[in-house]
Amino acid sequence: MSAHAFAAWCEQTGASVVIKESTWMFPMILVAHLIGLAWVGGTMFVVDLRLIGFGLQGRSAQDLWRDLRPWAWSALALTLGSGWLLFASEALRCIDNPLFRAKLAFLASALLVSVTMRRRVLLSTDAMRVRERAVGLTSLALWFGAALMGRGVGFW
Amino acid sequence: MPVNTLPAGIELGLSWLRDTAWSTGLRESLWAYPMVDTAHVLGLIAFVGAAIVLDLRLVGLALPALRVSEVVERTRRPLYVGFAAMATTGLLLFFANPLKFATNPFFQAKVGLLAVAGLNAGLFHLTTYRHVAAWDSAVAPPGRARIAGSISLVAWMAVIAVGRLIAFYETGAGV
């Protein structure tokens, strides 16, 4: 299936039609998307900053992540779920938007790093200063890129 | 209650501001306005992100092993930097469209909520937090600290909500 066929299919799903026909549904879902993003911002980035060597020095990044992980993943679920609904309601417009494509690329890379390198470092008990720094910086930069491109989508 | 008509003096002042060359330039710019807006959101993520972590500690829902004062000290920098970015870019955005924002009910609600968040933080630091030594290591801080943390969480989520809705007033479809 081509990207356009997929987008066209998304736009005729029930959820998409309901959102398109309502005046306030889209803005409300957008609000949920941003609130989710703020929570991801807080809980993921505190750990990334700790990996780099800033912030909550009183505990290891591994300990911080154990505490914040449920918050981070719930917030991410809210952000991704609301993001999917926003996309479905204007899929054809989104896929031709270069900023949206860039955002997806950043997001996919950030998620990939989270479940591979970042996860490995955060579950490890060895001290790996250089690797921790590299993973923290990469994760932070990728999420930052995704948010930056995301805000740009609406302006394109 | 939303204020649809402003006092004559304020309206005059804001329309003068709107017609200045700088305001018009920013409003009509192709790139500057979206960039300021994007910086506003990034500043917000840094600020609210740090505030959420601190508030969760105050409410007793996260980081139980960290002293409250350490979380306060360590979130201070992202809070200040994020707030400075958010406030500067926020003023610029207002400056580009002063009349449109001042009469927008979501903007008015946002200013009110910012005042609530600010007063709450100020009161907390001047009263409950002064005696932090007594409950610094408590997993669940005293009721007043938990209430301050809850008010802050709710107020900032509401600020994000009404802030994003500003663009949807009247037109029903915003950028």
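From a predicted model like this one, the values you see are computed outputs, not experimental measurements.

Okay, the overall build of chain A next. Along the backbone of chain A there are eight helices and zero strands. Based on the C-alpha atoms only, the size of chain A along its principal axes is roughly 55 × 30 × 25 Å. Counting across all 156 residues of chain A, residues that qualify as buried make up 47%. A separation of at least 24 residues holds for 75% of the contacts in chain A among residues at least 6 apart in sequence. Just so you have it, chain A exposes about 7,500 Å², and 69% of that area is on carbon and sulfur atoms. Averaging the positions of the 15 positive and the 9 negative side-chain charges in chain A gives two centres separated by 6 Å.

A few words now on the interface of chain A and chain B. Listed per partner, the contact involves 32 residues of chain A and 31 residues of chain B. Contact between chain A and chain B buries roughly 3,000 Å² in total, counting both sides, with carbon and sulfur atoms accounting for 83%. With its nearest N and O atoms 2.9 Å apart, the salt bridge here joins Asp37(B) to Arg151(A). Counting every contact that joins chain A to chain B gives two residue pairs in polar contact (both at pLDDT 80 or more). Counting only elements with at least two residues in the side of chain A that touches chain B, the list comes to helix H3 (25-52), helix H4 (61-89) and helix H8 (129-153) of chain A. The dominant element in the side of chain A that touches chain B, judged by the number of residues it contributes, is H3(A), at 15 residues.

Residues Trp39(A), Met44(A), Val48(B), Ile52(B) and Leu63(B) are the most contacted members of the largest nonpolar core, which totals 76 residues. Per-element accounting of this core gives the leading share, 16 residues, to helix H3 (residues 32-59) of chain B. Other than its neighbours up to four places away in sequence, Met44(A) contacts Trp65(A), Ala72(A), Trp73(A), Leu76(A), Arg118(A) and Trp143(A). Within the second largest apolar cluster, eight residues are counted, among which are Phe87(A), Cys94(A), Ile95(A) and Val153(A).

On to the pattern of salt bridges. Under the counting rule described, the total for this entry stands at nine salt bridges over all chains. One salt bridge connects Asp48(A) with Arg118(A), and the closest N-O pair in it is separated by 2.8 Å. A residue pair is termed long-range when its members are at least 10 positions apart, and Asp48(A) in helix H3 and Arg118(A) in helix H7 (residues 117-123) qualify at 70 residues. The salt bridge partner of Arg76(B) is Glu73(B), with a shortest N-O separation of 2.9 Å. Of this pair, Arg76(B) and Glu73(B) both sit in helix H4 (residues 68-96), separated by three residues, roughly a single helical turn. A relative accessible area of 29% means that Arg76(B) is categorised as partly exposed.

About the thresholds
- Residues numbered from 1 in each chain as written.
- Chains lettered and ligands numbered in written order.
- Predicted model: local features only at pLDDT ≥ 70, side-chain atom pairs only at ≥ 80, totals over all residues.
- Heavy atoms only, no water.
- Helix = DSSP H or I, 4+ residues; strand = E, 2+ residues; numbered from the N terminus.
- Buried < 20%, exposed > 50% of the residue type's maximum accessible area, 1.4 Å probe, protein only.
- Contact = heavy atoms within 4.5 Å.
- Areas by Shrake-Rupley, 256 points an atom, 1.4 Å probe, with all protein chains shown as cover.
- Lys, Arg positive; Asp, Glu negative; His and termini not counted.
- Charge placed at Lys NZ, Arg CZ, Asp CG, Glu CD.
- Buried area = accessible area lost by both parts, 1.4 Å probe.
- Salt bridge = Lys/Arg side-chain N within 4 Å of Asp/Glu carboxyl O.
- Polar contact = N/O pair within 3.5 Å; in protein donor to acceptor, adjacent residues only side chain to side chain.
- Core = buried A, V, L, I, M, F, W, Y, C linked by side-chain atoms within 4.5 Å.

From the geometry alone we can't say anything about function, so treat these as descriptive.
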